[in-house]
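Commentary on secondary and tertiary structure
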Amino acid sequence: MSGTVKLTYGGNEWEFPVLEGSEGEKGIDFGALRKKTGLVAHDPAYGNVGSCESAITFIDGEKGILRYRGYPIEQVAERARFTEVCYLLIYGERPTDDQLKKFRSGLTYHTLLHEDMKKFFEGYPANAHPMAIMASMFASLSTYYPDNDPALNDLNIIRVLAKSKTIAAFAHKKSIGQPFIYPMNDLSWPGNFLRMMFAVPSEPYEVPEVLEEALNLLLILHADHEQNCSTSTMRMVGSSEANLYASISAAICALWGPRHGGANQKVIEMLDQIKKSGMSMDAFLDKVKDRDSGVKLMGFGHRVYKNFDPRAKLLKAAADRIFDQLGVNDPLLDMAKQLEEHALQDEYFVSRKLYPNVDFYSGIIYRAMGIPTEMFTVMFVLGRLPGWIAHWREMRADPGYRIHRPRQIYTGENEREFVDMGRREL
Ligand code: CMC
C-alpha cells in the first residue's frame, strides 16, 4: 500500500488505499467502493481503470517503453526466438536449455490437427475471412480437447501454440484452393508455418532465411501488450471458467476489429486507395481531419502510447532491411513513410499525440513477404497467443479470482405498467 485517498460525498468521507506497482504506477483500490459508498466508478472505455494486477508486461506510454517480464522489447526483438518469448511470457522466466528443448519438442509434436477437422475447412465459402475461420476453429478445438482440468493446462497451452499455425496456414490454403501442406517437425515454429503457407505438394520448398527471421521479429513484437481489448476479453471470458480454447476464440473476435488488430489490413487498403485515387498526402490528411468524413488515419493513434510506439519504430527500421534482403520494391512503403512524415508535422496529429502504431508498418512487411492482406490479422493472432495465454493463466492461478462483472449507470425508463392490449392472438 502507498497511502490513501479520501473521497467525500453527501457529507460523508471515506478513505481508500492506494496501490503501487513495481514501476511506481499508482492506483486507487476501489474494491470496496460500492460497499462503502453506494457509488460505482463510471469509466465506459476503461481508460482509467486498472482491471487487474499483472506481472507480465510493462508499458510506459509517455516514454514509449515496452518490456516483457522486465526485458526491454528492443533487446528481446534483437536476441530472442519466438518460442523462447512464448515460454518467458507464459511461465515468467526464461527457460533453461532443457526446459526450452522440452517446450519446443511439445510444440512440434502437437502441430497436427485431427483429420476430421479438415472437413470443417471444406464447409466455408472460398472467400471466408480467415479470422472467422480462426475463431471458429479455436472454439472447435474444445470439442476435441474438452477437458477443462487445470492439471491439463500446460498440455492445452502447447496444443494451442502448436496447432494455431497449422489452422492459420490451412485457412490460407483453403482460400486459394490449394491442398493443405502438413507440418514438418524439423523446422522452427516460424519456418514450419511459412512452409505450410507457401509450399505446394509437387515442388521442393526451402524456407527462405530472410522470411523466417522477419516472421520471428513480427511474432515477438506482437506477443503481448497488457490489458488491450482482446487480452481483456480473454480475461473476461476466462473469468467465467470457460476453457482455454473458448477464451481464445473470443479474444480472436475482439482482435478482428479495425480499431484493434484489424487495423493492419486497413492500413494497406487505405494506402491502396490513396494510390488509386491519385490523391496527395495532404489532401488525404485533410479528409481525416474532417470530422464528417468518417475517415481515420489507420495505423495511427493508441490509447496508451502518447509519444511513440516502440514496436512501430522497430518495424520501420526492419522494413527497409527486409525489403532490401528480399529485393522487393513496393511503392506503398514510400507512401507510408511520406504519410507518416506529413502527419507528424500536422498540428491535428501533433496536438492529439497521434503516432504510428504497430499496425502501420507490419502490413507492408507482411505484404513483401507474400502474405495476403486478409491474413494480416491472423498473423497478429499467431503473435499474440502467448500474451493471451499468459494473462489467462495468471488470472486462473490467482486463488481469489472472481467472475468479471462490471456495473452500469442505468439511463432507461423508470418503472411503467405493461398494459394488456389483448395481443395474444397476433
Ligand atoms: N486518425 C484520426 N484521428 C484520430 C485517430 C486516427 N487514427 N486516432 C485518434 N484520433 C483522434 C480522435 O478522433 C480524438 O480526437 P478528438 O480529441 O478531437 O475527439 C483524439 O484523436 C483522441 O483519440 P481517441 O479516440 O480518444 O483515442 P482512443 O484511445 O479512444 O482510440 C485507437 C485509440 C487506436 C482506437 C484510435 O487511435 C484509432 O482508431 N486508430 C486507428 C486504428 C488503429 O490504428 N488501431 C490499431 C491500434 S494499435 C494495435 C492494437 O493494439 O490493436
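Quick summary incoming for the structure in this document. (Residues numbered from 1 in each chain as written. Predicted model: local features only at pLDDT ≥ 70, side-chain atom pairs only at ≥ 80, totals over all residues. Heavy atoms only, no water.)

Some points on unusual backbone geometry
Excluding glycine, residues mostly have negative phi values, and the peptide bonds linking residues are mostly trans. Residue glutamate 241 is not a glycine yet carries a positive backbone phi of 75°. Take glutamate 241: it is sitting in the loop between α10 (229-238) and α11 (244-256). One non-glycine residue with positive phi stands out, namely lysine 353, at about 55°. Look at lysine 353 and you get partly exposed, because its relative accessible area is 42%. (Helix = DSSP H or I, 4+ residues; strand = E, 2+ residues; numbered from the N terminus. Buried < 20%, exposed > 50% of the residue type's maximum accessible area, 1.4 Å probe, protein only.)

So, the pattern of salt bridges
Following the criterion strictly, the structure yields 16 salt bridges and no others. Between lysine 266 and glutamate 269 there is a salt bridge, with its nearest N and O atoms 3.3 Å apart. Here glutamate 269 and lysine 266 lie together in helix α12 (residues 263-277), a separation of three residues that amounts to about one turn. When its relative accessible area of 34% is taken as the criterion, lysine 266 is described as partly exposed. Note that arginine 367 and aspartate 330 form a salt bridge whose closest N and O atoms lie 2.7 Å from each other. Taken together, the residues span a long stretch of sequence, with arginine 367 in helix α17 (residues 358-368) and aspartate 330 in the loop between α14 (310-326) and α15 (331-344) at a distance of 37 residues. Of the residues examined, aspartate 330 reaches a relative accessible area of 8% and is grouped as buried. Here the residues in one salt-bridge network are Asp286, Lys289 and Asp346, joined through shared partners. (Salt bridge = Lys/Arg side-chain N within 4 Å of Asp/Glu carboxyl O.)

Some remarks on the sheet that holds strand β5 (residues 65-68)
Whether parallel or antiparallel, the strands of a sheet pair through hydrogen bonds between backbone atoms. Taken together, three strands build an open sheet; the order of strands is β4-β5-β6 and the sheet is antiparallel. Each having just a single partner strand, β4 (57-60) and β6 (71-72) make up the two edges of the open sheet. Relative to β5, β4 runs antiparallel, the two sharing four bridges. Across the sheet, residue phenylalanine 58 finds its bridge partner in β5, namely arginine 67. (Pairing = 2+ DSSP bridges.)

Things to note about the side chain of serine 239
Here serine 239 lies in the loop between α10 and α11. Judged by its relative accessible area of 4%, serine 239 is buried.

Structural notes on the site of the ligand
Within the structure, the ligand sits among 21 residues, and His260, Arg291, Lys296, Leu297 and Arg303 are positioned closest to it. Interatomic distance of 2.9 Å between a backbone N/O atom of phenylalanine 300 and a nitrogen atom of the ligand. A distance of 2.9 Å is found between a nitrogen atom of the ligand and a side-chain nitrogen or oxygen belonging to tyrosine 348. Considering the ligand on its own, with 930 Å² of exposed area, one finds that the protein chains cover 76% of that surface. By residue class, the composition of the shell around the ligand is nine nonpolar, six polar and six charged. (Near = heavy atom within 4 Å. Polar contact = N/O pair within 3.5 Å; in protein donor to acceptor, adjacent residues only side chain to side chain. Areas by Shrake-Rupley, 256 points an atom, 1.4 Å probe, with all protein chains shown as cover. Nonpolar A, V, L, I, M, F, W, Y, C, P; charged D, E, K, R; others polar.)

Some words on the nonpolar core
In this structure, Tyr68, Ile248, Met270, Leu297, Leu339 and Met369 are the most contacted members of the largest nonpolar core, which totals 111 residues. Broken down by element, this core gets its largest block of residues, eleven residues, from helix α18 (residues 376-397). Three or more residues apiece are contributed to this core by two domains, here domain 2 (70-252) and domain 3 (263-369). Residues in contact with isoleucine 248, not counting those within four places in the same chain, are Phe138, Val160, Met234, Leu385, Trp388 and Ile389. (Core = buried A, V, L, I, M, F, W, Y, C linked by side-chain atoms within 4.5 Å. Domains from an automatic or database assignment. Contact = heavy atoms within 4.5 Å.)

Observations concerning the pairing of β4
Side chains Thr57 and Ile59 project from β4 onto one buried face, and the interleaved Phe58 and Asp60 project onto a second face that is buried too. Linking β4 to β5, which pair antiparallel, is a turn of four residues; within it glycine 64 sits at a positive phi near 70°.

Examining the packing of aromatic side chains
Centre distance and the angle of the planes are the two values used to describe a pair of aromatic rings. By the definition in use, this model includes 16 aromatic pairs. Consider the rings of tyrosine 87 and tyrosine 91, whose centres lie 4.9 Å apart with planes at 50°: the pair is tilted. Separated by four residues within a single helix, tyrosine 87 and tyrosine 91 lie in helix α3 (residues 82-91), roughly one turn from each other. Overall, tyrosine 91 belongs to the partly exposed group, its relative accessible area being 24%. Aromatic pair phenylalanine 300 and phenylalanine 360: ring centres 5.2 Å apart, planes at 80°, arrangement edge-to-face. (Phe/Tyr/Trp six-rings, centres within 6.5 Å; stacked < 30°, edge-to-face > 60°.)

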